[in-house]
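Tertiary structure, described
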Amino acid sequence: MTVFVITGAQGGHTQNALAPNRRSIHDLVNDEKQFSLYIQALVAMSNASQTELLSFFQISSIHGLPYVEWNGSGSDNSASKDWGGYCTHGSVLFPTWHRAYIMLFEQVLQNHAIDIAKQYTVDQDAWNLAAINLRAPFWDWANHVMPPPEVISYAKVDVITPASNGQKVSVNNPLITYSFHPIDPSFPWPASVWPTTLRHPTAATAEATSDVIRLTQTLQSAASSLRKNIYHLMTRVGTWEAFSNHTPGDGGSATTSLEGIHDAIHLDVGGLASTGDSAYDGHMANPAIAGFDPIFFLHHSNIDRMLALWAALHPTEWVDHGPANEGSWTIPSTSRVNEHTPLGPFWRSQQDTWRSTQLTDTSPLGYTYPEFNGVDMDNPAALRLAIANTVNALYRPPAPTSASAGTTLEWTAEVHFQKHALQQSFSVLLFVGPVPDDPAQWRTSTSFAGAVHAFANSTAARCANCRANADVVVEGFVHLDDALAAHPALASRQPDVVVPFLRDQLSWRVYTVRGVEVPVADLPSLQITVEATPVTQGPGDIFPIAGTPQRYPEVTRGRPGGSPAAAASDEVNVGVVPRKGWCVIM
């Protein structure tokens, strides 16, 4: 059979770049021509029959439901079909599989834009140029946590179409929602009755709408932790294993992985309703149906951008060996994967699929990111310095008011739990101080410190690998320094002051995206341990240098979900040998 080959977007040029830029959605909405083409291309993809291979529905379904073969990939590998979806989660392949996925989306998007541009009769050369340069935009939630209103609130947007004679006309906004035609019978309830994708849905009926206010409040509550998590990911995580996925193994960095940060956005965008009995997870909060929300592709373009930035800072690191864990349609859950594992269903030729070794550099794949414009890509030292300066400018958190010269201590809570324990997505929320009685107020409470999330399949009955791998563990970290700063009476950040304070004030709750509080005792795999990391920065260090985390299990031990029983390692510094990192002598 003949398969559709993924080449990525082709042609075009961005000044001082090796390939056209993927642009921030905050930037793209102000470009009259490219935004008009982007919207119309999305409309064309969305309106295509759901049976067409390159329709929005079919491309989105690669990630999960309806668990069918796509583009002839996996037809000879029935042993691995018990997961259903092709996506790789909890695996070292998470970043590169999704890189190939966005390449496919981008290629189809650009093809539609090129066809639409040819229909303009006025200023056609400029429209053709805008189309050939169009790439899948990204939403940089770590720097601009709130998407522009064109993404989350405007039901209609103004664009110039080939028939509008150069004037803007109002069209239905394809970024807000995808309308199913029809709803696929494989969808779980209540998605089985929702005619469109929803974010923070208001009800479990066909009349449900997205609660935009609740969405914006949730995102605002996550802004500080997202920025800090990304900065620590870029500056403290030095191995692919620790960087790539949310299974345990932070390498002593006390830092949430790229996939763990990714999980948070999925749950924060999908969310739950704002009223008690009507709380149900929106599409983005369920991996089986997340790909149908148009914001998914903005989110994953940014995940890929974070991969590009981190790789520039760590040029000797790339995909390592690791377990497949939950597996996929083409990868058995019992297998080992590495940089040569085929990334189905993304065909590179009629004979072979893409491999991670072929995805290291974005420019041959047809795109770049603005942060690399004008940088000497052939000079690794200059590249690292340029990207380090960019990371500092974009994501470095404000220094705490208590910071002083020398070594400071940064406090975090390490959180572990079994991903599929509740058979749905859920969050472990941490608080420093009083916790409101109403769960709807938790994320906006002044005592809310942060959360670690399980982005889990709610259709476990159709996911044999979810059941077989029920013991897969998620690891994440919540930074406690902002919460400590909210208590100015604390005399210092030293352990003799912070440990007794947190023993008294730190607490946690388990909350599903369907708006249900789960007793902590019902999540017996939960383990929360407080750590303090010494951090220094000398005049020649471009990034702060993190030492070995010191664990303080006594803060949480003895409570449900707290640190496990005492071990010999509790009495010594736990972690890896302090990283020297890399620094630039100015």
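The shown structure was predicted, so the numbers you read here are calculated from the model rather than taken from an experiment. (Residues numbered from 1 in each chain as written. Predicted model: local features only at pLDDT ≥ 70, side-chain atom pairs only at ≥ 80, totals over all residues. Heavy atoms only, no water.)

By the secondary structure assignment, Asp140 is in the loop between α5 (124-132) and α6 (149-152). Look at Asp140 and you get buried, because its relative accessible area is 5%. Side-chain polar atoms of Asp140 contact the side chain of Arg305, separated by 3.3 Å. Contact partners of Asp140, with chain neighbours within four places excluded, come to Val145, Asn302, Arg305, Met306 and Tyr395. (Helix = DSSP H or I, 4+ residues; strand = E, 2+ residues; numbered from the N terminus. Buried < 20%, exposed > 50% of the residue type's maximum accessible area, 1.4 Å probe, protein only. Polar contact = N/O pair within 3.5 Å; in protein donor to acceptor, adjacent residues only side chain to side chain. Contact = heavy atoms within 4.5 Å.)

A separate point is the environment of Asn373. Mapped onto the elements, Asn373 comes out in the loop between β4 (336-337) and α11 (380-395). Through-space distance from the C-alpha of Asn373 to that of Asn21 is 8.5 Å; in sequence the pair is 352 residues apart. There is a polar contact of 2.7 Å between the side chain of Asn373 and the side chain of Asn21.

Evaluated as defined, the whole model comprises 18 salt bridges. Close ionic contact of Arg443 with Asp268 constitutes a salt bridge, the shortest N to O distance being 2.9 Å. Separated by 175 residues along the polypeptide, Arg443 in the loop between β6 (426-432) and β7 (448-454) and Asp268 in helix α9 (residues 258-270) bring together distant segments of the chain. A single network of salt bridges, built from pairs that share partners, joins Arg22, Arg99, Glu106 and Asp304. (Salt bridge = Lys/Arg side-chain N within 4 Å of Asp/Glu carboxyl O.)

This paragraph deals with the packing of aromatic side chains. This model, assessed by the stated rule, comprises 28 aromatic pairs. Summarising the aromatic geometry, the rings of Phe138 and Tyr369 are spaced 5.9 Å apart at their centres and angled 70° between planes, so their arrangement reads as edge-to-face. Pair noted here: Phe138 is in the loop between α5 and α6 and Tyr369 is in the loop between β4 and α11, with a separation of 231 residues, a long-range link. Of the two residues examined, Phe138 and Tyr369, each falls in the buried class. Between Trp240 and Phe243 the ring centres are 5.6 Å apart and the planes differ by 55°, which places this aromatic pair in the tilted class. Of this pair, Trp240 and Phe243 both sit in helix α8 (residues 240-244), separated by three residues, roughly a single helical turn. Comparing Trp240 with Phe243 shows no difference in burial state: the two are buried. Every member of this aromatic cluster is reached through a ring pair, and the members are Phe56, Phe57, Trp97, Tyr101, Phe105, Tyr178, Phe180, Phe187, Phe292, Phe296, Phe297 and Phe346. (Phe/Tyr/Trp six-rings, centres within 6.5 Å; stacked < 30°, edge-to-face > 60°.)

Here we come to unusual backbone geometry. Residue Pro182 follows His181 across a cis peptide bond; omega there is 10°. Locating Pro182 in the fold gives a position in the loop between β2 (168-172) and α7 (212-236). The omega angle of the peptide bond from Gly344 to Pro345 is 10°, so this bond is cis rather than trans. In this model, Asp123 sits at a positive phi of 60°, which is unusual for a non-glycine residue. Tracing the backbone through its elements, the reader meets Asp123 in the loop between α4 (94-117) and α5. Relative accessible area serves as the criterion here: at 44%, Asp123 is assigned to the partly exposed category. Positive phi, normally seen in glycine, also occurs at His200, with a value near 50°.

Attention now moves to the environment of Phe180. Tracing the chain through its elements places Phe180 in the loop between β2 and α7. The exposure class assigned to Phe180 is buried, which follows from its relative accessible area of 8%. In the structure, Phe180 is positioned 134 residues away from Ser46 in sequence and 8.8 Å away in space, judged by C-alpha atoms. If sequence neighbours within four positions are ignored, Phe180 has contacts with Gln50, Phe57, Phe187, Trp194, Pro195, Thr196, Thr197, His283 and Phe292.

Right, let's get into the packing of α9 against helix α10 (residues 295-313). Interhelical geometry of α9 versus α10 gives an angle of 160° and a closest axis separation of 11 Å. In terms of axis orientation, α9 runs roughly antiparallel to α10. Considering the relative orientation of α9 and α10, their crossing is right-handed. Residues Leu258, His262, Ile265, His266 and Val269 of α9 lie in contact with α10, whose contacting residues are Ile295, Phe296, His299, His300, Ile303 and Met306. Its residues assigned to classes, the contact of α9 with α10 comprises seven nonpolar, four polar and no charged. (Axes fitted to C-alpha atoms, helices over the stretch in contact; angles between N-to-C directions. Parallel < 35°, antiparallel > 145°, perpendicular 65-115°, else oblique. Left-handed = near helix turned anticlockwise from the far one by under 90°. Nonpolar A, V, L, I, M, F, W, Y, C, P; charged D, E, K, R; others polar.)

Read from one edge of the open sheet, four strands run β7-β6-β9-β10, paired in antiparallel fashion. Strands at the two margins of the open sheet, each flanked by one partner only, are β7 and β10 (517-518). Across seven bridges, β6 lies against strand β9 (residues 506-512) in antiparallel orientation. Note that in β9 the partner of Ser427 across the bridge is Tyr511. Sitting on the sheet, α9 is in contact with β6 and β7, with an inclination near 100° to β7. (Pairing = 2+ DSSP bridges.)

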